[in-house]
Amino acid sequence: MSLDQADPAALPAAGPATRKTGRTAGGGGRRGHNRRAGRWWTPWLFLAPALLLFLYFKFIPMVSALTMSFQDVQPYLGNKWVGTENYATVLQSAGFREAAWHTIVLAVGQTAGSMALGLALALLMEGQGRRLGFVRSAAFLPVVVPIAVVAELWRIMYHPTADGMLNSLLGLVGFGPSGFINDPDSSMASIMLTGIWRGAPYDMMIFLAGLTSVDRGLYEAAKVDGASRRQRVWHVTVPGLRSVFSILFILAAIRGLRVFTEVFLLTNGGPDGSTEVVMTLIYKLGLEQNRLGVGAAGAVLLFIATLVLTVVVHLLRRRESK
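Bear in mind that the values here come from a model prediction, so they are computed numbers and not experimental data.

**Digging into the overall build of the protein**
Each helix and strand counted, the protein has 15 helices and two strands in total. Burial analysis of the protein (322 residues in total) assigns 33% to the buried set. For the protein, the proportion of contacts with a sequence separation of at least 24, taken over those separated by at least 6, is 65%. In the form shown here, the protein has an accessible surface area of approximately 20,600 Å², with 66% of it arising from carbon and sulfur atoms.

Take a look at the structure:
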């Protein structure tokens, strides 16, 4: 007798067994899903140490600074609420306006210089190869070197005498010695050059990552049409890196607006206040002159300026992408 002709009554246990097996499989699947769903807290457990550090060393101090900006801070004597008086003091200060102008000039110069130099380095070092990998790693070293070491290195190179390193190079091409960071006329440009040297390798790595997404077929088509290398870069590479430019502009601009360490270590705002920036002014007001409320107000204003810049660039980027 074939299986198709078998009597259904001869198989009484098949249905219950099958249903039991199905229930077991389905129950096991649901239990496995529940176990996986019950582990939603696992990523947060790994993130907890970092989040606690951010909370204690970043977010709580930010809230404290915002509160202090509306107070006359008197350590051990109690703070006095003064409203927006600290903000008025900062905004009406001639020193703050001058420091804000220096900060803008330095941020624009460092942003433009580091992005231009980073793109040039990325175009030179694009490709695969052991030698290129070593060169890219060597070029990236200024980013990982501590800023204190960078400042001391450039201080030595900026030695104002005729036998200083950079002055010796200038003498070879017929230029006289420069005071660099000791001269009010060249101190800002000297600090800008240091910032470009340190920021360009970081921009280079971002550009190298962005170059991998540019369609190579466009290069071939432009080459067939007779476009030169400069034209291919301008009409193919630059438009293909538009999103990278917007991201790097935000990062470089924030880095420029928050510049402090290199200015503090190289000139401390001098000579004659020619390199005073907002961050060094806030440091002097808050810690050297013990006007913590005024310093906190300056820090809040700098944060608002950075936030506005970021939002404006993001909105412009979204408008262009539509």
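**Considering the layout of surface pockets**
Of the pockets and cavities examined, the largest pocket occupies roughly 890 Å³. If you go around the largest pocket, you meet 25 residues; those closest to its centre are M62, A65, A299, V300 and F303. Listing elements by their share of the lining of the largest pocket, those giving two or more residues are α2 (41–68), α14 (278–288) and α15 (292–321). Top element by residues in the lining of the largest pocket is α15. It accounts for 11 residues.

**Quick word on the packing of helix α4 (residues 94–124) against helix α12 (residues 242–257)**
Across the interface, α4 lies against α12 with an axial gap of 8 Å and an inter-helix angle of 140°. Put simply, α4 runs oblique to α12. Read as a crossing pair, α4 and α12 show a hand that is right-handed. Residue-level inspection shows T103, A107, Q110, T111, S114, M115 and L119 of α4 in contact with α12, the latter providing F245, L248, F249, A252, A253, R255, G256 and L257. Residue classes in the contact of α4 with α12 are distributed as nine nonpolar, five polar and one charged.

**Observations concerning the packing of aromatic side chains**
Each pair of aromatic rings is reported with the distance of its centres and the angle of its planes. The full count for this structure, using the stated rule, is 11 aromatic pairs. A ring pair is formed by F70 and Y87, whose centres lie 5.3 Å apart and whose planes are at 50°; its orientation type is tilted. Taken together, the residues span a long stretch of sequence, with F70 in the loop between α2 and β1 (71–72) and Y87 in helix α3 (residues 85–91) at a distance of 17 residues.

**A few points about the packing of α4 against helix α9 (residues 187–211)**
The contact between α4 and α9 brings their axes to 6 Å, and the two run at 45°. Looking at the two axes, α4 sits oblique to α9. For the pair α4 and α9, the sense of crossing is right-handed. The residue inventory of the contact of α4 with α9, partitioned by class, reads 17 nonpolar, eight polar and one charged.

**Some remarks on the pattern of salt bridges**
Going through the model one piece at a time under the given rule, you end up with three salt bridges. A salt bridge links R255 to D203, with the shortest nitrogen-to-oxygen separation between them at 3.8 Å. Remark: D203 occurs in helix α9 and R255 occurs in helix α12; sequence separation between them is 52 residues. For R255, a relative accessible area of 33% gives the class partly exposed. Take D203: its relative accessible area is 1%, and that puts it in the buried class.

**A closer look at the environment of T237**
Its location among the elements puts T237 in helix α11 (residues 229–240). Along the chain, T237 and V214 lie 23 residues apart, while their C-alpha atoms are 7.0 Å from each other. The contact partners of T237, leaving out residues within four places of it in the chain, are L123, L211, Y219 and R232.

**Things to note about unusual backbone geometry**
A cis amide bond links G270 with the next residue in sequence, P271, at an omega value of -5°. With respect to the helices, strands and loops of the structure, P271 is situated in the loop between α13 (261–266) and α14. With a phi angle near 55°, N268 is a residue other than glycine that sits in the positive phi range. Relative to the assigned elements, N268 resides in the loop between α13 and α14.

**A short note on the confidence of the model for the protein**
In the predicted model, the protein carries a mean pLDDT of 81, and 86% of its residues have values of at least 70. When pLDDT is averaged over each helix and strand of the protein, the minimum, 50, is found for helix α1 (residues 14–37) and the maximum, 90, for α2. Counting interchain partners and residues more than four positions distant, the pLDDT-below-50 stretch residues 1–6 has one contact. This stretch, residues 8–25, has a pLDDT under 50; its non-local contacts, to residues over four places away or in other chains, come to zero contacts.

**Remarks on α12**
Given a rise of 1.5 Å per residue, 16 residues ought to cover 22 Å, and the 22 Å separating the end C-alpha atoms of α12 matches this to within 8%. The complete set of buried residues in α12 reads V244, S246, L248, I250, A252, A253, G256 and L257.

**A few points about α9**
In an α-helix, one turn spans 3.6 residues; hence positions three or four apart end up facing the same way. For α9, spanning 25 residues, the distance from its first C-alpha to its last is 35 Å, which sits close to the expected 36 Å at 1.5 Å a residue. Taking the largest bend as the criterion, α9 deviates by roughly 30°, centred on G199, and proline P201 comes between one and four positions later.

Cut-off values and rules
Residues numbered from 1 in each chain as written. Predicted model: local features only at pLDDT ≥ 70, side-chain atom pairs only at ≥ 80, totals over all residues. Heavy atoms only, no water. Helix = DSSP H or I, 4+ residues; strand = E, 2+ residues; numbered from the N terminus. Buried < 20%, exposed > 50% of the residue type's maximum accessible area, 1.4 Å probe, protein only. Contact = heavy atoms within 4.5 Å. Areas by Shrake-Rupley, 256 points an atom, 1.4 Å probe, with all protein chains shown as cover. 1 Å grid on protein atoms, 1.4 Å probe; cavity = no way out; pocket = protein on both sides within 12 Å on 5 of 7 lines; lining within 4 Å. Points joined across faces, edges and corners; volume = space filled by probe spheres on them. Axes fitted to C-alpha atoms, helices over the stretch in contact; angles between N-to-C directions. Parallel < 35°, antiparallel > 145°, perpendicular 65-115°, else oblique. Left-handed = near helix turned anticlockwise from the far one by under 90°. Nonpolar A, V, L, I, M, F, W, Y, C, P; charged D, E, K, R; others polar. Phe/Tyr/Trp six-rings, centres within 6.5 Å; stacked < 30°, edge-to-face > 60°. Salt bridge = Lys/Arg side-chain N within 4 Å of Asp/Glu carboxyl O. pLDDT = per-residue confidence, 0-100. Expected span 1.5 Å × (residues − 1). Bend = angle between axes of the 7 residues up to and from the residue.

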